[in-house]
Amino acid sequence: MGSPQRSSPCLSWRRVLCIFFLPFISSGFAPRVKHRDSFVFENDQLKPDQRSFNWSHLTPLKLKDRSVGLQTEERAGRNPYFTLEGHEFLIFGGSIHYFRVPRVYWRDRLLKLRACGFNTVTTYVPWNLHEPERGRFDFSGNLDLEAFVLLAAEVGLWVILRPGPYICSEMDLGGLPSRLLQDPASQLRTTNHSFVEAINKYFDHLIARVVPLQYRKGGPVIAVQVENEYGSFYKDKAYMPYLHQALLRRGIVELLLTADNADAVARGHIKGVLATINIKTFNEDSLKHLYKVQSNKPILIMEYWVGWFDTWGNEHMVRNAEVTPLPLLPEPTPKTVYPSVDPSLYLPLWDALQYLNRPVISNIPLNMENLPINNGNGQSYGLVLYETTICSGGRLHADARDMAQVFLNETSLGILADGFQNIDIPKITQECQLLRILAENQGRVSFSWKIQNQQKGLIGPVTLNNIPLQSFTIYSLELKMSFFERAGIMDLCSSMGVTLGDIGTLGLRRPFTFLVPGSSQRTMRSSCLRRRSVGHTSTPQTTPGAGSRN
């Protein structure tokens, strides 16, 4: 008893009916192809059949009569395939993340995607950016999801949405809000009560925005992804089915799918949901795990990794074009080399403290996420300065994440970091001195089980000669807009015709330097600033049950 051709796992062009190239290739980001013959397909078996497909009528603006969206079909004598409104449909997609591209460039990037022959764009939806505080949502400016999706339709692209809640995307904590780390009992990416409660409140707001953008509502969204690469995490078998139902209950009616690495698809797929895979090499072995769980559906490659990201301090990652055949690349476009910047305007750390929000007073050091600031949401990014008084020297021990500079008054004593948790404090012969620990959050991991333990700042007690230190004054250095307003930077920049945005906002800014004594000098891409004497002082706030500083 033989299997029909359509059930064969053999790699063929007809079998692979959807490929999303991630990241999108542009000149300068991939090596040049040495041989002109190496153009997408290295052998005749991978060439598309000679049937001509005319999809000109299957675009968001032209397809007006809509009753059925993206579907999978199977027919005797051939491989399964996709249809859109009953028409056979082959999807070519690329990924553009609206929240990473300045809004003014959205149209340009989408037009370039369309010009390359793609008919679909995929994008993640970052929870941590859209709900920076509990119940406070931001879908404005560069985070205007609806505007991006509708613009894609205007350009002629369909949209596959990947709303998470976890998205990976090489983002801090995989796009999850850092406040979810406040409760040590909460388990991320599980059906833990506190985690799903937070998801439900977020989805109530987010999915209400997505529903009108669906294909059957006249929008360009033809499919929605459930979570992201859960097969590589897989700590709770009830989690993915829960999210599946959460989307259905809120009105998602288009095709649902999962996306997993090829060897994890068996753990990440959901019954009744289309399973897709992420791969870096196009070969038959890449499909064997997918075929075991889903042999009667068209093959959808959600992410085809034609490139890879770099990690700080390591070698530049380059994929070999001979291994992954690519089209011939155009000559690189001219690039501008900007001169070195020598900032002359700066604000020393100790002078900056008077412009910060009032410090927190606590008997014990608090990690960044549990600081009672930002309406109970803690601190997500930046630095935290811990101060306490000591009257003797000795061996200082602290677990600082990810790195901390230690000062005695304003004198640098050394660095605390992973594997280096001890510093010798010199003998104090006169009056008591001020111990200062400046902890820096260098980013939370975006992948693996380690996301559960990504609290930043000082973790646990700080001891001197094995005796816990108490009575801490804690400054949050998020460098938000309010800091610049209090420091008089807004007035200065207005007089110079400079627009100031929050730290991290995309766009070219005039540089200034935030000087951290004894170690590093950080050039922020926000604006300019001046030193000025202001009689503003910070009034400490005390955490409930915490003591006051002596």
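Visitor: Could you give me a rundown of the state of the cysteines, with the residues and numbers involved?
Guide: Within this structure, the stated rule accounts for one disulfide. Paired by a disulfide, Cys391 and Cys432 hold their sulfur atoms 1.7 Å apart. Because the sign of the S-S torsion sets the handedness, a value of about 100° for the bond joining Cys391 and Cys432 places this disulfide among the right-handed ones. Here Cys391 is found in the loop between strand E14 (383–390) and strand E15 (394–397), whereas its partner Cys432 is found in the loop between strand E19 (422–425) and strand E20 (433–440), with 41 residues between them in sequence.

Visitor: Tell me what's going on with the sheet that holds strand E2 (residues 70–73), and back it up with residues and numbers.
Guide: Spatially, E2-E3-E4 is the arrangement adopted by the three strands of the open sheet, whose pairing is antiparallel. The strands lining the two open edges of the sheet, one partner per strand, are E2 and strand E4 (87–89). Ignoring which end each strand starts from, the neighbouring axes of this sheet average 45° apart. Bridge analysis of E2 against strand E3 (residues 81–84) gives four bridges, and the strand direction is antiparallel. Each bridged residue has a counterpart across the sheet, and for Thr72 the counterpart in E3 is Phe82.

Visitor: Describe the confidence of the model for the protein chain, naming the residues involved and giving the relevant values.
Guide: Mean pLDDT over the protein chain: 82, with 77% of residues reaching 70 or higher. Note on residues 501–540: pLDDT is under 50 here. Beyond four places in sequence and across chains, it has 123 contacts. Low pLDDT, under 50, characterises residues 542–550; the predicted model gives this stretch 24 contacts beyond four residues in sequence or across chains.

Visitor: Kindly report on the packing of aromatic side chains, identifying the contributing residues and their values.
Guide: Counted by the stated rule, this structure contains 15 aromatic pairs. Pairing Trp127 with Phe195 gives two aromatic rings, centres 6.5 Å apart and planes at 45°, and the pair type is tilted. Highlighted residues: Trp127 in helix H2 (residues 127–130) and Phe195 in helix H4 (residues 193–210), separated in sequence by 68 residues. Ring centres of Trp127 and Tyr202 lie 4.8 Å apart, and the angle between their planes is 10°; this geometry places the pair in the stacked category. Separated by 75 residues along the polypeptide, Trp127 in helix H2 and Tyr202 in helix H4 bring together distant segments of the chain. Clustering of aromatic rings is evident, with ring pairs tying together Trp127, Phe195, Tyr202, Phe203, Tyr230, Phe233, Tyr234 and Tyr239. Stacked on the ring of Tyr242, the Lys or Arg Arg249 has its end atom at 5.8 Å from the ring centre.

Visitor: So what's going on with the pattern of salt bridges? Residues and values would help.
Guide: Throughout the structure, instances matching the rule amount to 18 salt bridges. Among the salt bridges present, the one from Arg189 reaches Glu227, with a minimum N-O distance of 2.8 Å. Here Glu227 lies in the loop between strand E8 (221–225) and helix H5 (239–249) and Arg189 lies in the loop between strand E7 (158–162) and H4, a separation of 38 residues in the sequence. One salt bridge connects Asp204 with Arg250, and the closest N-O pair in it is separated by 2.9 Å. One end of the pair, Asp204, is in helix H4; the other, Arg250, is in the loop between H5 and strand E9 (255–261), and 46 residues separate them in sequence. With relative accessibility at 18%, the residue Arg250 sits in the buried group. One salt-bridge network, held together by shared partners, links Asp108, Arg109 and Lys112.

Visitor: Describe the sheet that holds E19, naming the residues involved and giving the relevant values.
Guide: Pairing is antiparallel across the open sheet formed by four strands, whose spatial order is E19-E15-E22-E23. At either margin of the open sheet sits one strand with a lone partner, and together these are E19 and strand E23 (467–468). By the bridge criterion, two bridges tie E15 to strand E22 (residues 463–464) in an arrangement that is antiparallel. Counterpart to Leu396 in the pairing with E22 is Leu464.

Visitor: I'd like a description of the packing of H4 against H5, backed by residues and values.
Guide: Where H4 contacts H5, the axes come no closer than 10 Å and their chain directions differ by 30°. In terms of orientation, H4 lies roughly parallel with respect to H5. Note that H4 runs across H5; the crossing there is right-handed. Judged by residue contacts, Phe195, Val196, Ile199, Asn200, Phe203 and Ile207 of H4 engage Tyr239, Tyr242, Leu243, Ala246, Leu247 and Arg249 from H5. Partitioning the contact of H4 with H5 into residue classes produces ten nonpolar, one polar and one charged.

Visitor: Any chance you could break down the environment of Ile361 for me, citing the residues and the numbers?
Guide: Tracing the chain through its elements places Ile361 in strand E13 (residues 360–362). Placed 110 residues apart in sequence, Ile361 and Ser471 show a C-alpha to C-alpha distance of 7.1 Å.

Visitor: For a nonpolar patch on the surface, give the residues involved together with the corresponding values.
Guide: Residues Trp308, Phe309 and Met317 make up a contiguous nonpolar surface patch of roughly 290 Å² in combined accessible area. As for its position among the elements, Met317 is in the loop between strand E11 (299–305) and strand E12 (346–348).

Visitor: Any chance you could break down the pairing of strand E5 (residues 91–95) for me, citing the residues and the numbers?
Guide: The two faces of the sheet receive side chains in turn, since in a regular strand these alternate between them. Counting buried residues along E5, five of its five residues qualify, which places the element largely inside the surrounding structure. Along E5, one buried face is formed by Ile91, Gly93 and Ser95 and the opposite face, lined by Phe92 and Gly94, is buried too. Relative to strand E6 (residues 120–124), E5 runs parallel, the two being bridged by three bridges. Each bridged residue has a counterpart across the sheet, and for Gly94 the counterpart in E6 is Val121. Crossover handedness for the path E5 to helix H1 (residues 106–115) to E6: right-handed.

Visitor: Describe the nonpolar core, naming the residues involved and giving the relevant values.
Guide: Side chains that are nonpolar tend, in soluble globular proteins, to be buried together. In this structure, Leu110, Val121, Leu145, Leu176, Phe203 and Leu206 are the most contacted members of the largest nonpolar core, which totals 59 residues. Broken down by secondary-structure element, the contributors of at least two residues to this core are H1, E6, helix H3 (145–155), E7, H4, E8 and H5. Per-element accounting of this core gives the leading share, eight residues, to H4. Setting aside chain neighbours within four positions, we find Leu110 in contact with Ile96, Val121, Phe148, Leu151, Ala152, Val155 and Leu157. Of all hydrophobic cores here, the second largest spans 27 residues; its members include Leu371, Ala400, Ile437 and Ile474.

Parameters and conventions
- Residues numbered from 1 in each chain as written.
- Predicted model: local features only at pLDDT ≥ 70, side-chain atom pairs only at ≥ 80, totals over all residues.
- Heavy atoms only, no water.
- Disulfide = S-S within 2.5 Å.
- Helix = DSSP H or I, 4+ residues; strand = E, 2+ residues; numbered from the N terminus.
- Pairing = 2+ DSSP bridges.
- Axes fitted to C-alpha atoms, helices over the stretch in contact; angles between N-to-C directions.
- pLDDT = per-residue confidence, 0-100.
- Contact = heavy atoms within 4.5 Å.
- Phe/Tyr/Trp six-rings, centres within 6.5 Å; stacked < 30°, edge-to-face > 60°.
- Lys NZ or Arg CZ within 6 Å of the ring centre and 35° of its normal.
- Salt bridge = Lys/Arg side-chain N within 4 Å of Asp/Glu carboxyl O.
- Buried < 20%, exposed > 50% of the residue type's maximum accessible area, 1.4 Å probe, protein only.
- Parallel < 35°, antiparallel > 145°, perpendicular 65-115°, else oblique.
- Left-handed = near helix turned anticlockwise from the far one by under 90°.
- Nonpolar A, V, L, I, M, F, W, Y, C, P; charged D, E, K, R; others polar.
- Patch = residues over 30% accessible without salt bridge, like charges linked within 9 Å, V, L, I, M, F, W, Y side chains within 5 Å.
- Areas by Shrake-Rupley, 256 points an atom, 1.4 Å probe, with all protein chains shown as cover.
- Right-handed = clockwise from strand over helix to strand, strands pointing away.
- Core = buried A, V, L, I, M, F, W, Y, C linked by side-chain atoms within 4.5 Å.

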